[in-house]
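Okay, here's what each chain looks like letter by letter:
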Amino acid sequence: MTSSSVSRQHVAVTASPRKSSRPLRQSGFVAVLIALLGVGVILGTVEVVAPAIADRQGSVGVAGFLLASFAAGSAVGGLLYGQRIWRSSLVKRLLISVTVMTALCALLTTIEFVAALGFGLAAVGFFLAPSLVTGYLLADDLTAAEVRTEASSWINTAVNAGAAVAAVMVGLAMDAVEPRLGFIIGGGMALILVMAASVPLLRNSKAAAVADQLQSA
């Protein structure tokens, strides 16, 4: 990536952005952050629940296998996602990938065997990198060039905040319940966030499509 001609063409933009161009002031940007909070919740849930299940199995080393499966799935998903030329909008891609990842995370509760859980985590991870990539692309799409670093920072903050909240809440819950149930708790939290983000995102996407049609006419 760093050696490509496309990367070398990017140069620093030094400017004093107007208050009206700040990312949080852009229509739809906060909704993107809410959706990425959901992504972070899934990430934090997996990082807490997988080691807890390994500990319950009596083998801490199993946690490495489970988390490696999750990471491998994300790597494969990201590579395949980047290879394809997509016709669907960024909003639809974000909502679909986060929703599927959330549903798969909740379904992990039903898996009892560790080997099968590794494959399940790989399936969840398969949608992690595409969700993150789409979130960053949407941040660029919704903001002006001079504030895109700030916009990317907000995306990163949302993901980390979601992971932190999930680590605390799911961790507390697992002190009282079976560790596998942490997956459905985290999945439920993420689903609420995705549903909260979907309405404003779709509304903003529709408005943008109408504006583009008017301009082309």
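All of these numbers come straight from a predicted model, not from anything done at the bench. Numbering of residues starts from 1 in each chain and follows the order in which that chain's sequence is written. Only residues with pLDDT of at least 70 are given local features in this predicted model, and only at 80 or more are side-chain atom pairs given and counted; all residues enter the totals for whole chains, interfaces and linings. To get the side-chain values, take all heavy atoms of the structure and skip hydrogens and water.

Student: For the overall build of the protein chain, give the residues involved together with the corresponding values.
Tutor: Helix and strand labels come from DSSP, where a helix needs a run of H or I of at least four residues and a strand needs a run of E of at least two; each type is numbered from the N terminus. Each helix and strand counted, the protein chain has 8 helices and 0 strands in total. Mapped from its N terminus to its C terminus, the protein chain presents α and β elements in the order α-α-α-α-α-α-α-α. Here the C-alpha atoms of the protein chain give a radius of gyration of 19 Å, agreeing with the 17 Å that 2.2 N^0.38 yields for 217 residues. Based on the C-alpha atoms only, the size of the protein chain along its principal axes is roughly 60 × 40 × 30 Å. C-alpha atoms define the radius of gyration in this analysis, and the globule rule sets the expected value at 2.2 Å times the number of residues to the power 0.38.

Student: Give a detailed account of helix H2 (residues 29–56), specifying residues and quantitative values.
Tutor: Its 28 residues give H2 an end-to-end C-alpha distance of 41 Å, which sits within 8% of 40 Å, the value for a rise of 1.5 Å per residue. Just downstream of H2, Gly 58 is the residue with a positive phi angle, here 85°. For a helix, the expected span equals 1.5 Å multiplied by the residue count minus one.

Student: An account of the side chain of Ser 97 is requested, with residue identities and associated values reported.
Tutor: Positionally, Ser 97 belongs in helix H4 (residues 90–107). Beyond its immediate stretch of four places on either side in the chain, Ser 97 contacts Phe 127 and Ser 131. Contacts are residue-level and defined by heavy atoms, with any inter-residue pair within 4.5 Å sufficient.

Student: So, the side chain of Thr 134: which residues are in play, and what are the values?
Tutor: Looking at the element boundaries, Thr 134 is found in helix H6 (residues 128–142). Within polar-contact distance, the side chain of Thr 134 engages the side chain of Tyr 81 at 2.6 Å. Residues in contact with Thr 134, not counting those within four places in the same chain, are Tyr 81, Leu 90, Arg 93 and Leu 94. Under this definition, polar contacts are N or O atom pairs within 3.5 Å; protein pairs additionally need one hydrogen-donor-capable and one acceptor-capable atom, and for neighbouring residues in sequence, both atoms have to be side-chain atoms.

Student: Describe in detail a nonpolar patch on the surface, supporting the description with residues and values.
Tutor: On the surface, Val 165, Val 168, Met 169 and Leu 172 cluster together into a nonpolar patch covering about 380 Å² of accessible area. Take Met 169: it is sitting in helix H7 (residues 148–174). Patches here: salt-bridge-free residues with over 30% relative accessible area, like charges joined within 9 Å, nonpolar side chains (Val, Leu, Ile, Met, Phe, Trp, Tyr) joined within 5 Å. The Shrake-Rupley method, run with a 1.4 Å probe, gives the accessible areas here. Residue values count only the displayed protein chains as cover. Put simply, a salt bridge is a Lys or Arg side-chain nitrogen that is within 4 Å of an Asp or Glu carboxyl oxygen.

Student: I'd like a description of the packing of aromatic side chains, backed by residues and values.
Tutor: Aromatic pairing here means that ring centres of Phe, Tyr or Trp (its six-membered ring) are within 6.5 Å. Orientation follows from the plane angle: under 30 degrees is stacked, over 60 is edge-to-face, and everything else is tilted. Per the counting criterion, the structure on display carries 2 aromatic pairs. Here the aromatic rings of Tyr 81 and Trp 86 are separated by 5.2 Å at their centres, their planes lie at 35°, and the arrangement is tilted. We call a residue buried when its accessible area falls under 20% of the maximum for its residue type, exposed when it is over 50%, and partly exposed in between, using a 1.4 Å probe and counting protein chains only. With relative accessibility at 10%, the residue Tyr 81 sits in the buried group. For Trp 86, a relative accessible area of 30% gives the class partly exposed. Where Phe 126 meets Phe 127, the ring centres are 5.4 Å apart and the plane angle is 80°; that geometry is what we call edge-to-face. Residue class for Phe 126 comes out partly exposed when judged on its relative accessible area of 32%. A cation over a ring is seen here: Arg 84 above Trp 86, with NZ or CZ 4.4 Å from the ring centre. For a lysine, the NZ atom is tested; for an arginine, the CZ atom; a charge sits over a ring if that atom is within 6 Å of the ring centre and within 35 degrees of the ring normal.

Student: So, the nonpolar core: which residues are in play, and what are the values?
Tutor: If you look at the biggest cluster of nonpolar residues, it comprises 47 residues, and the most contacted ones within it are Leu 36, Leu 94, Leu 121, Phe 183 and Leu 201. Of all the elements in the fold, those that place two or more residues in this core are H2, helix H3 (61–83), H4, helix H5 (114–125), H6, H7 and helix H8 (181–216). Not counting chain neighbours up to four residues away, the residues in contact with Leu 121 comprise Val 46, Leu 66, Ser 69, Phe 70, Leu 108 and Phe 183. Residues belong to a common nonpolar core when they are buried Ala, Val, Leu, Ile, Met, Phe, Trp, Tyr or Cys residues joined through side-chain atoms within 4.5 Å.

Student: I'd like to hear about H7, residue by residue, with values.
Tutor: Spanning 27 residues, H7 covers 38 Å between terminal C-alpha atoms, matching the ideal 39 Å at 1.5 Å per step. All of the buried residues along H7 are Ala 151, Ile 155, Ala 158, Val 159, Gly 162, Ala 163, Ala 166, Val 170, Gly 171 and Met 174.

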